[in-house]
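One-letter residues, chain by chain:
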Amino acid sequence: RAFAQSTAVTKLTAREVDLLGLDGALEKLAAQEPELARVVDLRFFAGLELAEIGTLVGRSERQVRYDWTLARCWLERELAEVRGTCMLYAARRT
């Protein structure tokens, strides 16, 4: 089943997302990158602003923005089942 999220979050949420696919991808992300998964939970599901997340997790807004970008990229790649399409995430992992 697919659904459309509020456009207030990001372009990732503006698309229709398969809930089961998203859940599986988030579980995988949490196992590999727990900090990124927490940012996704707070942004995507709780609707917090980046500055609010930064305050909550004790990081700067800039660091949270970077993590949010990485997490979105990781999830988009995972959901599309296309490996290596996110250069930002791939660069971080090397």
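Our structure's up above, just so we're on the same page.
What to know about the overall build of the protein chain
Item 1. A tally of regular secondary structure across the protein chain gives six helices and two strands.
Item 2. Counting from the amino terminus, the protein chain carries its helices and strands in the arrangement β-α-β-α-α-α-α-α.
Item 3. Sorting the 94 residues of the protein chain into buried and exposed places 36% on the buried side.
Item 4. In the protein chain, of all internal contacts separated by at least 6 residues, the share reaching a separation of at least 24 is 48%.
Item 5. As presented, the protein chain carries roughly 5700 Å² of accessible surface, and 51% of it is formed by carbon and sulfur atoms.

Details of the packing of aromatic side chains
Item 1. One pass over the full model with this rule turns up one aromatic pair.
Item 2. On the numbers, 4.8 Å between centres and 75° between planes, the contact of Phe44 with Phe45 is edge-to-face.

What to know about helix 4 (residues 50–57)
Item 1. Residues of helix 4 that are buried include every one of Leu50, Ile53 and Gly54, and no others. Seen along its axis, helix 4 keeps its buried residues to an arc of 100°; they face one direction.
Item 2. Packed against the buried residues of helix 4 are helix 3 (34–45) and helix 5 (61–80).
Item 3. Two residues or fewer past helix 4, Gly58 is found with a positive phi of approximately 75°.

Observations concerning the pattern of salt bridges
Item 1. This structure, assessed with the given rule, holds four salt bridges.
Item 2. As a salt-bridge pair, Glu49 and Arg43 come within 3.7 Å of each other at their nearest N and O atoms.
Item 3. Taking the relative accessible area as the measure of exposure, Glu49 reaches 46% and is therefore partly exposed.
Item 4. On the basis of relative accessible area, Arg43 is assigned to the buried category, the value being 10%.
Item 5. Salt-bridge contacts for Glu61 lead to Arg65; the nearest nitrogen and oxygen are separated by 3.0 Å. In this pair, Glu61 and Arg65 both sit in helix 5, four residues apart, roughly one turn of the helix.

Cut-off values and rules
Residues numbered from 1 in each chain as written. Predicted model: local features only at pLDDT ≥ 70, side-chain atom pairs only at ≥ 80, totals over all residues. Heavy atoms only, no water. Helix = DSSP H or I, 4+ residues; strand = E, 2+ residues; numbered from the N terminus. Buried < 20%, exposed > 50% of the residue type's maximum accessible area, 1.4 Å probe, protein only. Contact = heavy atoms within 4.5 Å. Areas by Shrake-Rupley, 256 points an atom, 1.4 Å probe, with all protein chains shown as cover. Phe/Tyr/Trp six-rings, centres within 6.5 Å; stacked < 30°, edge-to-face > 60°. Arc of directions from axis to C-beta. Salt bridge = Lys/Arg side-chain N within 4 Å of Asp/Glu carboxyl O.

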